[in-house]
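# Tertiary structure, described
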Amino acid sequence: MHYLSTRGYAASSDSSVQFSEILLGGLAPDGGLFLPKQYPQVSLAELDRWRTLSYAELAFEVLRKFATDIPESDLRTITSKTYTAEVYKNARPDEASEAITPLRVLFERDGKKMIIQALSNGPTLAFKDMAMQLLGNLFEYALAKTHAELNIFGATSGDTGSAAEYAMRGKQGIRVFMLSPHQKMSAFQTAQMFSLQDQNIFNIAVTGVFDDCQDMVKAVSNDLEFKNRHKIGTVNSINWARVVAQVVYYFRGYLSATTNNDQRVSFTVPSGNFGNICAGHIARMMGLPIAQLVVATNENDVLDEFFRTGIYRVRKSAETYHTTSPSMDISKASNFERFIFDLLDGDTQRVKALFQKVETSGGFDLSGGPGSDGDEFKKIAQFGFVSGKSVHIDRLKTIQDVQRDYGITIDTHTADGIKVALEHLQENIPMLVLETALPAKFNETIREALGRDAERPVGFENIETLPQRFEVMAPDVDTIKAWIAKQTNL
Ligand SMILES: *Cc1c(COP(=O)(O)O)cnc(C)c1O
(Lines give C-alpha, C1' and ligand atoms only; values in the text may rest on other atoms or scores of the structure.)
Protein backbone atom coordinates (compact mmCIF):
# COMPACT_ATOMS: atom_id res chain seq x y z
CA MET A 1 0.00 0.00 0.00
CA HIS A 2 1.51 3.29 -1.12
CA TYR A 3 0.49 6.74 0.02
CA LEU A 4 0.38 10.17 -1.56
CA SER A 5 -0.35 13.67 -0.33
CA THR A 6 -3.66 15.33 -1.17
CA ARG A 7 -1.52 18.12 -2.68
CA GLY A 8 0.57 15.86 -4.90
CA TYR A 9 3.68 14.81 -2.94
CA ALA A 10 4.62 11.19 -3.79
CA ALA A 11 1.83 10.99 -6.38
CA SER A 12 4.04 9.72 -9.21
CA SER A 13 4.00 5.98 -9.71
CA ASP A 14 7.69 5.49 -8.92
CA SER A 15 7.68 7.25 -5.57
CA SER A 16 6.84 5.15 -2.57
CA VAL A 17 5.65 6.18 0.86
CA GLN A 18 4.43 3.43 3.16
CA PHE A 19 2.41 3.25 6.37
CA SER A 20 5.36 3.13 8.79
CA GLU A 21 6.86 6.27 7.27
CA ILE A 22 3.75 8.36 7.88
CA LEU A 23 2.97 6.80 11.25
CA LEU A 24 5.11 9.19 13.30
CA GLY A 25 4.66 12.26 11.12
CA GLY A 26 1.94 14.84 10.63
CA LEU A 27 1.36 16.79 7.43
CA ALA A 28 2.99 15.72 4.18
CA PRO A 29 6.03 17.84 3.19
CA ASP A 30 3.85 19.89 0.79
CA GLY A 31 1.34 20.74 3.53
CA GLY A 32 -1.23 18.18 2.35
CA LEU A 33 -2.59 15.10 4.11
CA PHE A 34 -1.62 11.51 3.34
CA LEU A 35 -4.08 9.10 1.73
CA PRO A 36 -3.63 5.66 0.14
CA LYS A 37 -3.16 5.77 -3.63
CA GLN A 38 -6.15 3.44 -3.84
CA TYR A 39 -8.61 2.44 -1.14
CA PRO A 40 -8.38 -1.29 -0.45
CA GLN A 41 -11.64 -3.06 -1.25
CA VAL A 42 -13.55 -5.47 0.95
CA SER A 43 -15.49 -8.14 -0.93
CA LEU A 44 -18.89 -9.32 0.26
CA ALA A 45 -17.46 -12.77 0.91
CA GLU A 46 -14.80 -11.21 3.09
CA LEU A 47 -17.41 -9.14 4.90
CA ASP A 48 -19.27 -12.37 5.66
CA ARG A 49 -16.16 -13.96 7.10
CA TRP A 50 -15.68 -10.90 9.30
CA ARG A 51 -19.11 -11.25 10.91
CA THR A 52 -17.91 -13.67 13.56
CA LEU A 53 -14.60 -11.97 14.39
CA SER A 54 -13.83 -10.33 17.71
CA TYR A 55 -13.16 -6.58 17.64
CA ALA A 56 -9.39 -7.16 17.90
CA GLU A 57 -9.42 -9.66 15.03
CA LEU A 58 -11.49 -7.30 12.91
CA ALA A 59 -9.06 -4.47 13.67
CA PHE A 60 -6.24 -6.70 12.46
CA GLU A 61 -8.07 -7.53 9.19
CA VAL A 62 -8.77 -3.85 8.45
CA LEU A 63 -5.32 -2.62 9.45
CA ARG A 64 -3.38 -5.18 7.44
CA LYS A 65 -4.88 -3.71 4.28
CA PHE A 66 -3.33 -0.33 5.09
CA ALA A 67 -0.19 -1.19 7.08
CA THR A 68 1.27 -3.59 4.53
CA ASP A 69 4.85 -2.87 5.64
CA ILE A 70 4.31 -4.16 9.19
CA PRO A 71 4.70 -7.96 9.50
CA GLU A 72 1.28 -9.52 10.05
CA SER A 73 2.26 -11.37 13.21
CA ASP A 74 3.43 -8.09 14.78
CA LEU A 75 0.23 -6.34 13.75
CA ARG A 76 -1.86 -9.11 15.24
CA THR A 77 0.02 -8.83 18.54
CA ILE A 78 -0.54 -5.07 18.59
CA THR A 79 -4.28 -5.21 17.83
CA SER A 80 -4.95 -8.00 20.31
CA LYS A 81 -3.12 -6.12 23.05
CA THR A 82 -5.05 -2.91 22.26
CA TYR A 83 -8.68 -3.96 21.95
CA THR A 84 -9.33 -5.83 25.18
CA ALA A 85 -12.28 -5.79 27.57
CA GLU A 86 -9.81 -4.64 30.22
CA VAL A 87 -8.89 -1.45 28.29
CA TYR A 88 -12.50 -0.72 27.25
CA LYS A 89 -13.96 -1.59 30.63
CA ASN A 90 -16.08 1.51 31.20
CA ALA A 91 -19.16 0.13 29.49
CA ARG A 92 -22.47 0.79 31.21
CA PRO A 93 -23.41 -1.96 33.70
CA ASP A 94 -25.78 -3.69 31.25
CA GLU A 95 -23.38 -3.54 28.29
CA ALA A 96 -20.80 -6.16 27.32
CA SER A 97 -17.24 -4.83 27.61
CA GLU A 98 -16.01 -7.62 25.29
CA ALA A 99 -17.93 -6.01 22.45
CA ILE A 100 -15.54 -2.99 22.76
CA THR A 101 -18.12 -0.82 20.92
CA PRO A 102 -21.47 -2.27 22.10
CA LEU A 103 -24.72 -1.34 20.35
CA ARG A 104 -27.90 -0.27 22.12
CA VAL A 105 -31.20 -0.04 20.25
CA LEU A 106 -33.03 3.13 21.29
CA PHE A 107 -36.19 2.43 19.33
CA GLU A 108 -37.67 0.58 16.39
CA ARG A 109 -41.02 1.78 15.04
CA ASP A 110 -42.67 2.21 11.62
CA GLY A 111 -39.67 0.50 10.03
CA LYS A 112 -37.34 3.09 11.51
CA LYS A 113 -34.59 2.07 13.87
CA MET A 114 -32.18 4.12 15.96
CA ILE A 115 -29.13 2.57 17.57
CA ILE A 116 -26.32 4.02 19.69
CA GLN A 117 -22.83 2.62 19.12
CA ALA A 118 -20.79 3.25 22.28
CA LEU A 119 -17.26 4.36 21.44
CA SER A 120 -16.42 5.89 24.79
CA ASN A 121 -15.73 2.93 27.05
CA GLY A 122 -11.95 3.42 27.00
CA PRO A 123 -9.75 4.90 29.76
CA THR A 124 -10.68 8.57 29.18
CA LEU A 125 -14.40 8.02 28.43
CA ALA A 126 -14.30 9.53 24.93
CA PHE A 127 -14.06 8.02 21.45
CA LYS A 128 -10.52 9.32 20.95
CA ASP A 129 -9.32 6.32 22.96
CA MET A 130 -10.44 4.03 20.10
CA ALA A 131 -7.58 5.27 17.93
CA MET A 132 -5.15 6.67 20.46
CA GLN A 133 -4.74 3.38 22.35
CA LEU A 134 -3.69 1.71 19.10
CA LEU A 135 -1.39 4.61 18.28
CA GLY A 136 0.41 4.22 21.62
CA ASN A 137 1.18 0.58 20.87
CA LEU A 138 2.12 1.27 17.22
CA PHE A 139 4.46 4.09 18.28
CA GLU A 140 6.16 1.97 20.92
CA TYR A 141 6.61 -0.83 18.37
CA ALA A 142 7.99 1.47 15.64
CA LEU A 143 10.38 3.28 18.01
CA ALA A 144 11.72 0.04 19.48
CA LYS A 145 12.58 -1.19 15.97
CA THR A 146 14.71 1.86 15.21
CA HIS A 147 15.94 2.43 18.80
CA ALA A 148 14.47 5.92 18.51
CA GLU A 149 12.73 8.25 20.93
CA LEU A 150 9.77 10.55 20.51
CA ASN A 151 8.65 13.53 22.54
CA ILE A 152 5.01 14.27 21.88
CA PHE A 153 4.21 17.92 22.36
CA GLY A 154 0.68 19.29 22.17
CA ALA A 155 -1.98 21.55 23.57
CA THR A 156 -5.37 20.45 24.80
CA SER A 157 -8.58 21.85 26.15
CA GLY A 158 -9.73 18.39 27.17
CA ASP A 159 -10.32 15.15 25.27
CA THR A 160 -7.31 14.86 22.95
CA GLY A 161 -4.68 15.53 25.59
CA SER A 162 -6.04 13.04 28.07
CA ALA A 163 -6.51 10.35 25.40
CA ALA A 164 -2.89 10.85 24.30
CA GLU A 165 -1.57 10.68 27.86
CA TYR A 166 -3.49 7.51 28.72
CA ALA A 167 -2.32 5.91 25.48
CA MET A 168 1.36 6.81 25.95
CA ARG A 169 1.78 6.40 29.71
CA GLY A 170 4.57 4.03 30.60
CA LYS A 171 5.52 3.47 26.94
CA GLN A 172 9.21 2.92 26.17
CA GLY A 173 10.91 5.69 24.20
CA ILE A 174 7.98 8.12 24.44
CA ARG A 175 7.40 11.22 26.55
CA VAL A 176 4.32 13.43 26.43
CA PHE A 177 4.44 17.18 27.07
CA MET A 178 0.89 18.49 27.20
CA LEU A 179 -0.02 22.14 27.62
CA SER A 180 -3.43 23.10 28.98
CA PRO A 181 -4.87 26.43 30.12
CA HIS A 182 -4.36 26.74 33.90
CA GLN A 183 -7.65 26.34 35.81
CA LYS A 184 -9.77 26.45 32.65
CA MET A 185 -10.61 22.77 32.18
CA SER A 186 -13.39 21.07 34.13
CA ALA A 187 -12.39 19.59 37.49
CA PHE A 188 -13.00 16.12 36.08
CA GLN A 189 -10.85 16.63 32.98
CA THR A 190 -8.08 18.26 35.01
CA ALA A 191 -8.08 15.38 37.49
CA GLN A 192 -8.01 12.82 34.70
CA MET A 193 -4.81 14.28 33.28
CA PHE A 194 -3.03 15.64 36.33
CA SER A 195 -3.49 12.56 38.49
CA LEU A 196 -1.25 10.52 36.18
CA GLN A 197 1.98 9.80 38.05
CA ASP A 198 3.87 8.18 35.16
CA GLN A 199 7.39 9.55 34.76
CA ASN A 200 7.00 9.96 30.98
CA ILE A 201 3.92 12.21 31.24
CA PHE A 202 4.40 15.96 31.75
CA ASN A 203 1.39 18.18 32.31
CA ILE A 204 2.05 21.88 31.93
CA ALA A 205 -0.65 24.29 33.12
CA VAL A 206 -0.14 27.53 31.20
CA THR A 207 -1.30 30.73 32.88
CA GLY A 208 -3.33 31.82 29.87
CA VAL A 209 -6.09 30.56 27.59
CA PHE A 210 -6.14 27.64 25.15
CA ASP A 211 -5.02 29.87 22.25
CA ASP A 212 -1.86 30.78 24.20
CA CYS A 213 -1.11 27.07 24.54
CA GLN A 214 -1.65 26.52 20.84
CA ASP A 215 0.58 29.46 19.95
CA MET A 216 3.37 27.94 22.03
CA VAL A 217 2.99 24.63 20.19
CA LYS A 218 3.08 26.42 16.84
CA ALA A 219 6.16 28.41 17.81
CA VAL A 220 8.01 25.25 18.81
CA SER A 221 6.86 23.43 15.63
CA ASN A 222 8.20 26.27 13.51
CA ASP A 223 11.64 25.96 15.10
CA LEU A 224 12.82 23.03 12.99
CA GLU A 225 16.24 22.87 14.58
CA PHE A 226 14.74 22.53 18.09
CA LYS A 227 12.13 20.11 16.82
CA ASN A 228 14.70 17.79 15.28
CA ARG A 229 17.18 18.02 18.13
CA HIS A 230 14.51 17.13 20.69
CA LYS A 231 12.62 14.64 18.50
CA ILE A 232 9.35 16.52 18.87
CA GLY A 233 6.23 14.99 17.32
CA THR A 234 2.47 15.38 17.56
CA VAL A 235 -0.58 13.15 17.69
CA ASN A 236 -3.22 15.46 16.22
CA SER A 237 -6.33 14.38 14.42
CA ILE A 238 -4.80 14.37 10.93
CA ASN A 239 -2.58 11.43 11.89
CA TRP A 240 -3.35 8.76 9.31
CA ALA A 241 -3.08 5.82 11.74
CA ARG A 242 -5.75 7.43 13.91
CA VAL A 243 -8.10 7.64 10.93
CA VAL A 244 -7.49 4.00 9.99
CA ALA A 245 -8.10 2.82 13.55
CA GLN A 246 -11.46 4.58 13.40
CA VAL A 247 -12.43 2.80 10.16
CA VAL A 248 -12.66 -0.43 12.19
CA TYR A 249 -15.68 0.54 14.29
CA TYR A 250 -17.75 1.41 11.22
CA PHE A 251 -17.26 -2.19 10.08
CA ARG A 252 -17.99 -3.45 13.59
CA GLY A 253 -21.16 -1.34 13.84
CA TYR A 254 -22.42 -2.47 10.44
CA LEU A 255 -21.72 -6.15 11.09
CA SER A 256 -23.38 -6.03 14.53
CA ALA A 257 -26.49 -4.22 13.29
CA THR A 258 -27.14 -6.45 10.24
CA THR A 259 -27.47 -10.14 9.48
CA ASN A 260 -26.52 -10.14 5.81
CA ASN A 261 -24.76 -7.91 3.30
CA ASP A 262 -27.91 -6.97 1.38
CA GLN A 263 -28.75 -4.68 4.29
CA ARG A 264 -27.52 -1.14 4.55
CA VAL A 265 -27.10 1.14 7.57
CA SER A 266 -26.49 4.87 8.06
CA PHE A 267 -24.22 6.57 10.58
CA THR A 268 -24.63 9.90 12.32
CA VAL A 269 -21.38 11.36 13.64
CA PRO A 270 -20.96 14.29 16.05
CA SER A 271 -18.26 16.15 14.14
CA GLY A 272 -15.57 18.74 14.73
CA ASN A 273 -12.31 18.17 12.88
CA PHE A 274 -13.95 15.70 10.48
CA GLY A 275 -11.63 12.92 11.68
CA ASN A 276 -14.27 10.51 12.88
CA ILE A 277 -16.62 10.82 9.91
CA CYS A 278 -13.68 10.78 7.48
CA ALA A 279 -13.10 7.22 8.68
CA GLY A 280 -16.75 6.44 7.87
CA HIS A 281 -16.26 7.85 4.40
CA ILE A 282 -13.21 5.61 3.92
CA ALA A 283 -15.14 2.53 5.15
CA ARG A 284 -17.82 3.35 2.56
CA MET A 285 -15.19 3.78 -0.18
CA MET A 286 -13.86 0.32 0.77
CA GLY A 287 -17.26 -1.13 -0.04
CA LEU A 288 -19.08 -1.14 3.32
CA PRO A 289 -22.84 -0.85 2.54
CA ILE A 290 -23.41 2.55 4.17
CA ALA A 291 -26.44 4.49 2.94
CA GLN A 292 -25.92 7.88 4.56
CA LEU A 293 -23.15 9.56 6.50
CA VAL A 294 -24.80 12.25 8.58
CA VAL A 295 -22.52 15.06 9.76
CA ALA A 296 -23.85 16.56 13.03
CA THR A 297 -22.38 19.88 14.15
CA ASN A 298 -23.04 22.18 17.09
CA GLU A 299 -23.25 26.00 16.91
CA ASN A 300 -19.92 25.88 15.10
CA ASP A 301 -21.56 24.85 11.86
CA VAL A 302 -18.86 25.26 9.22
CA LEU A 303 -19.34 21.65 8.08
CA ASP A 304 -23.14 21.78 8.10
CA GLU A 305 -22.94 24.88 5.94
CA PHE A 306 -20.71 23.10 3.43
CA PHE A 307 -22.88 20.00 3.18
CA ARG A 308 -25.99 22.13 2.67
CA THR A 309 -24.54 24.69 0.22
CA GLY A 310 -21.16 23.60 -1.16
CA ILE A 311 -19.56 26.67 0.39
CA TYR A 312 -16.70 26.11 2.81
CA ARG A 313 -16.14 29.19 4.93
CA VAL A 314 -13.79 28.80 7.88
CA ARG A 315 -14.45 30.91 10.96
CA LYS A 316 -12.17 33.33 12.74
CA SER A 317 -11.36 32.74 16.43
CA ALA A 318 -13.83 35.46 17.46
CA GLU A 319 -16.58 33.65 15.50
CA THR A 320 -15.81 30.29 17.11
CA TYR A 321 -18.24 29.76 19.96
CA HIS A 322 -17.49 28.06 23.26
CA THR A 323 -20.35 25.60 23.50
CA THR A 324 -21.55 22.86 25.81
CA SER A 325 -20.30 20.26 23.33
CA PRO A 326 -16.78 21.75 23.48
CA SER A 327 -14.92 18.98 21.65
CA MET A 328 -16.70 20.06 18.47
CA ASP A 329 -15.78 23.74 18.83
CA ILE A 330 -13.70 24.13 15.70
CA SER A 331 -13.40 26.86 13.12
CA LYS A 332 -11.61 24.81 10.47
CA ALA A 333 -11.97 21.04 10.00
CA SER A 334 -8.44 19.67 9.74
CA ASN A 335 -9.33 16.35 8.02
CA PHE A 336 -11.74 17.86 5.52
CA GLU A 337 -9.07 18.05 2.81
CA ARG A 338 -9.10 14.24 2.62
CA PHE A 339 -12.74 14.22 1.55
CA ILE A 340 -12.30 17.12 -0.87
CA PHE A 341 -9.51 15.14 -2.55
CA ASP A 342 -11.99 12.31 -3.26
CA LEU A 343 -14.75 14.71 -4.23
CA LEU A 344 -12.39 16.23 -6.84
CA ASP A 345 -11.40 12.77 -8.14
CA GLY A 346 -7.88 13.08 -6.81
CA ASP A 347 -7.03 16.28 -8.68
CA THR A 348 -4.08 17.33 -6.48
CA GLN A 349 -3.55 20.63 -8.31
CA ARG A 350 -7.07 21.77 -7.55
CA VAL A 351 -6.97 20.51 -3.96
CA LYS A 352 -3.79 22.48 -3.43
CA ALA A 353 -5.31 25.62 -4.94
CA LEU A 354 -8.49 25.34 -2.87
CA PHE A 355 -6.69 24.90 0.43
CA GLN A 356 -4.28 27.70 -0.39
CA LYS A 357 -7.41 29.76 -0.91
CA VAL A 358 -8.58 28.75 2.57
CA GLU A 359 -5.39 30.35 3.92
CA THR A 360 -5.60 33.51 1.81
CA SER A 361 -9.36 34.09 1.55
CA GLY A 362 -10.90 31.99 4.32
CA GLY A 363 -12.64 29.38 2.21
CA PHE A 364 -13.83 28.14 -1.18
CA ASP A 365 -17.05 27.58 -3.06
CA LEU A 366 -17.95 24.38 -4.91
CA SER A 367 -21.64 25.27 -5.28
CA GLY A 368 -21.42 25.77 -9.05
CA GLY A 369 -22.89 29.25 -8.64
CA PRO A 370 -21.51 32.39 -10.33
CA GLY A 371 -17.83 32.91 -9.56
CA SER A 372 -17.53 29.61 -7.70
CA ASP A 373 -14.42 27.41 -7.68
CA GLY A 374 -16.26 24.38 -9.08
CA ASP A 375 -19.59 22.56 -9.17
CA GLU A 376 -18.69 19.35 -7.31
CA PHE A 377 -21.39 20.04 -4.71
CA LYS A 378 -23.77 18.22 -7.03
CA LYS A 379 -21.78 15.02 -6.43
CA ILE A 380 -22.09 15.15 -2.62
CA ALA A 381 -25.09 12.78 -2.54
CA GLN A 382 -23.04 10.13 -4.37
CA PHE A 383 -20.83 10.00 -1.29
CA GLY A 384 -23.81 9.62 1.04
CA PHE A 385 -23.17 12.84 2.93
CA VAL A 386 -25.95 14.90 4.53
CA SER A 387 -25.79 17.13 7.60
CA GLY A 388 -27.54 18.98 10.38
CA LYS A 389 -26.94 21.21 13.34
CA SER A 390 -27.84 21.17 17.04
CA VAL A 391 -27.57 24.05 19.54
CA HIS A 392 -27.58 24.30 23.33
CA ILE A 393 -31.37 24.11 23.83
CA ASP A 394 -31.61 21.14 21.43
CA ARG A 395 -28.87 19.45 23.42
CA LEU A 396 -30.71 19.90 26.74
CA LYS A 397 -33.99 18.70 25.26
CA THR A 398 -32.40 15.65 23.63
CA ILE A 399 -30.65 14.67 26.88
CA GLN A 400 -34.01 14.98 28.69
CA ASP A 401 -35.96 13.07 26.01
CA VAL A 402 -33.49 10.19 25.83
CA GLN A 403 -33.39 9.93 29.62
CA ARG A 404 -37.19 9.90 29.86
CA ASP A 405 -37.93 7.60 26.94
CA TYR A 406 -35.05 5.14 27.05
CA GLY A 407 -33.64 5.48 30.57
CA ILE A 408 -30.07 6.31 29.61
CA THR A 409 -28.00 9.40 30.12
CA ILE A 410 -26.13 10.61 27.05
CA ASP A 411 -23.42 13.24 26.85
CA THR A 412 -23.76 16.58 25.06
CA HIS A 413 -21.91 15.58 21.85
CA THR A 414 -23.96 12.41 21.44
CA ALA A 415 -27.08 14.52 22.03
CA ASP A 416 -26.12 16.67 19.04
CA GLY A 417 -25.82 13.44 17.05
CA ILE A 418 -29.23 12.12 18.08
CA LYS A 419 -30.97 15.43 17.39
CA VAL A 420 -29.61 15.49 13.84
CA ALA A 421 -30.07 11.72 13.29
CA LEU A 422 -33.81 12.05 13.94
CA GLU A 423 -34.02 14.44 10.98
CA HIS A 424 -32.49 11.86 8.64
CA LEU A 425 -34.09 8.53 9.62
CA GLN A 426 -35.06 6.37 6.63
CA GLU A 427 -37.31 3.35 6.56
CA ASN A 428 -35.60 -0.03 6.71
CA ILE A 429 -32.16 1.52 7.14
CA PRO A 430 -30.97 1.34 10.75
CA MET A 431 -29.34 4.58 11.92
CA LEU A 432 -26.26 4.17 14.09
CA VAL A 433 -25.42 7.23 16.15
CA LEU A 434 -21.84 7.22 17.40
CA GLU A 435 -21.60 7.92 21.12
CA THR A 436 -18.42 9.99 21.38
CA ALA A 437 -18.21 10.53 25.15
CA LEU A 438 -19.75 9.38 28.40
CA PRO A 439 -21.87 11.98 30.24
CA ALA A 440 -19.61 12.06 33.33
CA LYS A 441 -17.14 14.13 31.31
CA PHE A 442 -19.62 16.93 30.72
CA ASN A 443 -21.44 16.84 34.02
CA GLU A 444 -22.18 20.59 34.21
CA THR A 445 -24.61 20.32 31.29
CA ILE A 446 -26.10 17.05 32.55
CA ARG A 447 -26.95 18.89 35.78
CA GLU A 448 -28.52 21.68 33.75
CA ALA A 449 -30.61 19.22 31.73
CA LEU A 450 -31.54 16.66 34.37
CA GLY A 451 -31.03 18.42 37.70
CA ARG A 452 -28.65 15.73 38.94
CA ASP A 453 -25.15 14.42 38.37
CA ALA A 454 -24.23 11.99 35.62
CA GLU A 455 -23.25 8.53 36.80
CA ARG A 456 -19.57 7.81 36.94
CA PRO A 457 -18.03 4.52 35.87
CA VAL A 458 -16.41 2.44 38.61
CA GLY A 459 -13.04 3.86 39.66
CA PHE A 460 -13.84 7.47 38.75
CA GLU A 461 -15.86 8.24 41.90
CA ASN A 462 -13.23 10.29 43.71
CA ILE A 463 -10.91 11.21 40.88
CA GLU A 464 -10.77 14.88 41.91
CA THR A 465 -9.25 13.97 45.28
CA LEU A 466 -6.26 12.06 43.87
CA PRO A 467 -2.83 13.72 44.16
CA GLN A 468 -2.01 15.81 41.09
CA ARG A 469 1.31 16.24 39.33
CA PHE A 470 1.75 19.28 37.07
CA GLU A 471 3.92 22.29 36.37
CA VAL A 472 2.55 25.83 36.19
CA MET A 473 4.21 27.95 33.54
CA ALA A 474 3.84 31.41 31.98
CA PRO A 475 2.85 31.50 28.29
CA ASP A 476 6.45 31.96 27.18
CA VAL A 477 8.10 30.01 24.37
CA ASP A 478 11.67 30.21 25.69
CA THR A 479 10.59 28.92 29.08
CA ILE A 480 8.86 25.88 27.63
CA LYS A 481 11.77 25.15 25.30
CA ALA A 482 14.27 25.29 28.15
CA TRP A 483 12.05 23.08 30.26
CA ILE A 484 11.61 20.45 27.53
CA ALA A 485 15.37 20.50 26.93
CA LYS A 486 15.98 19.83 30.63
CA GLN A 487 13.48 16.94 30.81
CA THR A 488 14.91 15.30 27.71
CA ASN A 489 18.49 15.68 29.03
CA LEU A 490 19.81 17.22 25.84
C1 LIG B 1 -13.05 14.95 19.29
C2 LIG B 1 -14.49 14.78 19.61
C3 LIG B 1 -15.50 14.96 18.65
C4 LIG B 1 -15.20 15.41 17.23
O5 LIG B 1 -14.54 14.44 16.47
P6 LIG B 1 -13.81 14.85 15.10
O7 LIG B 1 -13.03 13.67 14.71
O8 LIG B 1 -12.92 16.03 15.46
O9 LIG B 1 -14.84 15.22 14.12
C10 LIG B 1 -16.81 14.73 19.02
N11 LIG B 1 -17.14 14.37 20.29
C12 LIG B 1 -16.19 14.19 21.24
C13 LIG B 1 -16.61 13.83 22.62
C14 LIG B 1 -14.83 14.37 20.94
O15 LIG B 1 -13.89 14.20 21.90
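As the structure is a prediction and not an experimental result, all values here were calculated from the model. (Residues numbered from 1 in each chain as written. Predicted model: local features only at pLDDT ≥ 70, side-chain atom pairs only at ≥ 80, totals over all residues. Heavy atoms only, no water.)

The helix and strand inventory of the protein chain stands at 18 helices and 15 strands. In terms of C-alpha radius of gyration, the protein chain reaches 21 Å, essentially the compact-globule figure of 23 Å for 490 residues. By its C-alpha atoms, the protein chain is 65 × 60 × 50 Å across when sized along the principal axes. Sorting the 490 residues of the protein chain into buried and exposed places 59% on the buried side. Sequence separation of 24 or more characterises 75% of the internal contacts of the protein chain that already satisfy a separation of 6 or more. Accessible area for the protein chain stands at about 19300 Å²; split by element, carbon and sulfur atoms hold 49% of it. (Helix = DSSP H or I, 4+ residues; strand = E, 2+ residues; numbered from the N terminus. Rg over C-alpha atoms; globule rule 2.2 N^0.38 Å. Buried < 20%, exposed > 50% of the residue type's maximum accessible area, 1.4 Å probe, protein only. Contact = heavy atoms within 4.5 Å. Areas by Shrake-Rupley, 256 points an atom, 1.4 Å probe, with all protein chains shown as cover.)

Moving on: the UniProt feature "modified residue: N6-(pyridoxal phosphate)lysine" (unreviewed entry) in the protein chain. Summarizing the sequence annotation, UniProt attributes the feature "modified residue: N6-(pyridoxal phosphate)lysine" (unreviewed entry) to Lys128 in the numbering used throughout. With respect to the helices and strands, the residue Lys128 is situated in helix 5 (residues 128-146). Using a relative accessible area of 12% as the deciding quantity, one classes Lys128 as buried. Not counting residues within four places of it along the chain, the set of residues in contact with Lys128 comprises Asp159, Thr160, Ala163 and Arg242. (UniProt positions renumbered as here; feature names shortened; annotations may be inferred.)

The next subject is the nonpolar core. Grouped together as the largest cluster of nonpolar side chains are 111 residues, with contacts concentrated most on Phe251, Phe274, Phe306, Phe336, Phe339 and Ile340. Among the elements that make up this core, the one with the highest residue count is helix 10 (residues 240-257) (13 residues). Dropping the residues within four chain positions of it, Ile340 is found in contact with Phe306, Val351, Leu354, Phe355, Phe364 and Leu366. Membership of the second largest hydrophobic core comes to 22 residues, among which are Val294, Val402, Ala415 and Met431. (Core = buried A, V, L, I, M, F, W, Y, C linked by side-chain atoms within 4.5 Å.)

Before going further, it helps to spend a moment on the pattern of salt bridges. Within the structure shown, the criterion is met by 35 salt bridges. Measuring nitrogen to oxygen at the nearest pair gives 2.8 Å for the salt bridge that ties Glu72 to Arg64. For Glu72, a relative accessible area of 40% corresponds to the partly exposed category. For Arg64, a relative accessible area of 30% gives the class partly exposed. The shortest N-O distance in the salt bridge between Arg315 and Asp301 comes to 2.6 Å. Of this pair, Arg315 sits in the loop between strand 11 (311-313) and helix 13 (336-343) while Asp301 sits in the loop between strand 10 (290-297) and helix 12 (302-309); the two residues are 14 residues apart in sequence, bridging distant segments of the chain. Ionic contacts of the salt-bridge type, sharing partners, join the residues Arg92, Asp94, Glu95, Arg104 and Glu435 into one network. (Salt bridge = Lys/Arg side-chain N within 4 Å of Asp/Glu carboxyl O.)

By the secondary structure assignment, Leu293 is in strand 10. For Leu293, a relative accessible area of 0% corresponds to the buried category. Ignoring any residue separated from it by four or fewer positions in sequence, one finds Leu293 in contact with Tyr250, Phe267, Ile277, Gly280, His281, Arg284, Phe383, Gly384, Phe385 and Val386.

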